[in-house]
Amino acid sequence: MGFDLYSTGNHTSEKGEYFRNNVWHWRRLADFVVEQTGVIEEQDKEHWQFNNGHEVSGEVAKQIAQQLKHLIKDGTVAKAIKEVEEEEKKAERNNVQIQKLHEMLRDKVEKETGKTNLAPIDYPEADHDTWEWIQKRYDYGSSYPFTMENVEEFIQFCEDSNGFTIG
């Protein structure tokens, strides 16, 4: 699953023809563009998280690139990257504990049922409920990276695309 952005035509380079991010990278990048550039109209913000063919004009694409360059220069992007990295570390520490709880539960279920390699959906009901309780505490913050390289590639795409669709 990912987000494929295609130029609406008249792109000026190969880099302006197509930009792709998997869902994990796109979520943070799109949120950053929507929240930090001041370019995206309120009624358009929700479209940045859907593969619905939302069109971004050439003028807006150029403004996004310009604002992202400014946000790199003033340190806003670097600050956001650092915050994401800290969030990832915190989530990873949390998720190590979640994994240990899942392993303990799996061992319990295997011992009680005599079956191995059961999917959680096949656990006895009370144990499945416990698995869900544990899983709700999983922190997905470790799954959504935000990198300078991705921002810079997106800037290049925006500059060269002359407008694009989000699909």
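Anything mentioned here points back to the structure above.
Residues numbered from 1 in each chain as written. Predicted model: local features only at pLDDT ≥ 70, side-chain atom pairs only at ≥ 80, totals over all residues. Heavy atoms only, no water.

### What to know about helix H2 (residues 58–73)
Relative to the 22 Å expected for 16 residues at 1.5 Å per residue, H2 spans 23 Å between its end C-alpha atoms, a close match to the ideal helical length. Buried positions along H2 lie against helix H1 (23–36), strand E3 (54–56), helix H3 (76–113), helix H5 (148–161) and strand E4 (164–166). One or two steps after H2, the chain reaches Gly 75, where phi turns positive at roughly 90°. (Helix = DSSP H or I, 4+ residues; strand = E, 2+ residues; numbered from the N terminus. Expected span 1.5 Å × (residues − 1). Contact = heavy atoms within 4.5 Å.)

### Some thoughts on the layout of surface pockets
Approximately 230 Å³ is the volume attributed to the largest pocket. What lines the largest pocket is simply Arg 28, Asp 31, Phe 32, Glu 35, Gln 36, Thr 76, Lys 79, Ala 80, Glu 83, Val 84 and Phe 146. Counting only elements with at least two residues in the lining of the largest pocket, the list comes to H1 and H3. Tallied by class, the residues present in the lining of the largest pocket amount to four nonpolar, two polar and five charged. (1 Å grid on protein atoms, 1.4 Å probe; cavity = no way out; pocket = protein on both sides within 12 Å on 5 of 7 lines; lining within 4 Å. Points joined across faces, edges and corners; volume = space filled by probe spheres on them. Nonpolar A, V, L, I, M, F, W, Y, C, P; charged D, E, K, R; others polar.)

### With respect to the side chain of Ser 7
Within the fold, Ser 7 resides in strand E1 (residues 2–7). Of the polar contacts made by the side chain of Ser 7, one reaches the backbone oxygen of Ser 161; its length is 2.7 Å. If we ignore the near neighbours within four places in the chain, the residues touching Ser 7 are Gly 16, Glu 17, Phe 157, Ser 161, Gly 163 and Phe 164. (Polar contact = N/O pair within 3.5 Å; in protein donor to acceptor, adjacent residues only side chain to side chain.)

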